[in-house]
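Observations on the three-dimensional arrangement
The chain contents come next:
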Amino acid sequence: MQSIGLTALVVRDYDEAIQYFVGTLGFELIEDTRIPDQDKRWVVVAPAGSKEIRLLLARAVGEEQLSRVGNQTGGRVFLFLGTDDFWRDYTSFVARGVSFVRQPKEEPYGIVAVFKDLYGNLWDLIQYRRGPQEEK
């Protein structure tokens, strides 16, 4: 059996990224380990209670990586934040200043809105009508 455990998200700065994902989105800080000989940190965050995929906040090194911060997928929605209560989370995010670029919409698969994170990456906030594994 295999699974994808981490998705790397290129960020400009560890601390500002932690502040946004933990402070604004309410994610949990799973790990923040300094690796001095490589001048980096191993920073992992995840939505509260999540047991599946987690985000590795990877600080950009060099001009090429910096050019990808906020645009890792060429402007497509990149990450999908599932919720069991869309309106609770949507209202909470709006109150915390999260920028929604597409307002809530009912779709055949559920209710969804698109927000951008502090760097400009696009995310779906989505409550599925059924679990994503059941979608065919």
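Our structure's up above, just so we're on the same page.
Before going into details, it helps to say that this report is about the structure given with it. (Residues numbered from 1 in each chain as written. Predicted model: local features only at pLDDT ≥ 70, side-chain atom pairs only at ≥ 80, totals over all residues. Heavy atoms only, no water.)

So, about the overall build of the protein. Scanning the protein from N- to C-terminus turns up three helices and eight strands. When its helices and strands are written in sequence order, the protein yields β-α-β-β-β-α-β-α-β-β-β. With respect to the three principal axes, the spread of C-alpha positions in the protein is 50 × 35 × 25 Å. Across the 136 residues in the protein, those meeting the buried criterion constitute 35%. Placing the 17 positive and 20 negative side-chain charges of the protein at their respective mean positions leaves the two points 3 Å apart. (Helix = DSSP H or I, 4+ residues; strand = E, 2+ residues; numbered from the N terminus. Buried < 20%, exposed > 50% of the residue type's maximum accessible area, 1.4 Å probe, protein only. Lys, Arg positive; Asp, Glu negative; His and termini not counted. Charge placed at Lys NZ, Arg CZ, Asp CG, Glu CD.)

In this structure, the largest pocket encloses a volume near 870 Å³. Contributions of two or more residues to the lining of the largest pocket are made by β3 (40–46), β4 (54–59), β5 (77–82), α3 (86–95) and β8 (122–128). Grouping the constituent residues of the lining of the largest pocket by class yields 16 nonpolar, nine polar and six charged. (1 Å grid on protein atoms, 1.4 Å probe; cavity = no way out; pocket = protein on both sides within 12 Å on 5 of 7 lines; lining within 4 Å. Points joined across faces, edges and corners; volume = space filled by probe spheres on them. Nonpolar A, V, L, I, M, F, W, Y, C, P; charged D, E, K, R; others polar.)

Looking now at helix α1 (residues 14–24). Every buried residue of α1 is listed here: Tyr14, Ala17, Ile18, Tyr20, Phe21 and Thr24. Backbone nitrogen of Asp15 and a side-chain oxygen of the N-cap are separated by 3.0 Å at the start of α1; the cap is Asp13. (Polar contact = N/O pair within 3.5 Å; in protein donor to acceptor, adjacent residues only side chain to side chain.)

If you trace the four strands from one edge of the open sheet to the other, you get β1-β4-β3-β2, paired in mixed fashion. Taken across any chain shown, the strands that pair with only one partner, and hence form the sheet edges, are β1 (6–11) and β2 (28–35). Strand-to-strand twist of the sheet, defined as the mean angle between neighbouring strand axes without regard to direction, takes the value 25°. Two strands pair when backbone bridges link them, and β3 and β4 are joined in this way by three bridges, in the antiparallel orientation. Each residue of the ladder has a partner; that of Val44, found in β4, is Leu56. Strands in contact with α1 are β1, β2, β3 and β4; relative to β3, the strand with the most contacts, it is inclined by about 10°. (Pairing = 2+ DSSP bridges. Axes fitted to C-alpha atoms, helices over the stretch in contact; angles between N-to-C directions. Contact = heavy atoms within 4.5 Å.)

With 30 residues, the main nonpolar core has Phe21, Leu55, Leu57 and Phe115 as its most contacted residues. Of the residues forming this core, the biggest block, five residues, is contributed by α1. When neighbours within four sequence positions are excluded, Leu55 is seen to be in contact with Leu6, Thr7, Leu9, Phe21, Phe27, Val43, Val44, Val45, Leu79 and Trp123. (Core = buried A, V, L, I, M, F, W, Y, C linked by side-chain atoms within 4.5 Å.)

Before going further, it helps to spend a moment on the sheet that holds strand β7 (residues 110–116). Across the sheet, four strands lie side by side as β5-β8-β7-β6; this open sheet has mixed pairing. Two strands bound the open sheet, and with one partner strand each, they are β5 and β6 (99–107). Ignoring strand direction, the axes of neighbouring strands in this sheet form an average angle of 20°. When β7 meets β8, the two strands line up antiparallel, connected through seven bridges.

Next up on the list: unusual backbone geometry. Its identity is not glycine, yet Asp39 carries a phi of approximately 50°, on the positive side. Examined against the element boundaries, Asp39 turns out to sit in the loop between β2 and β3.

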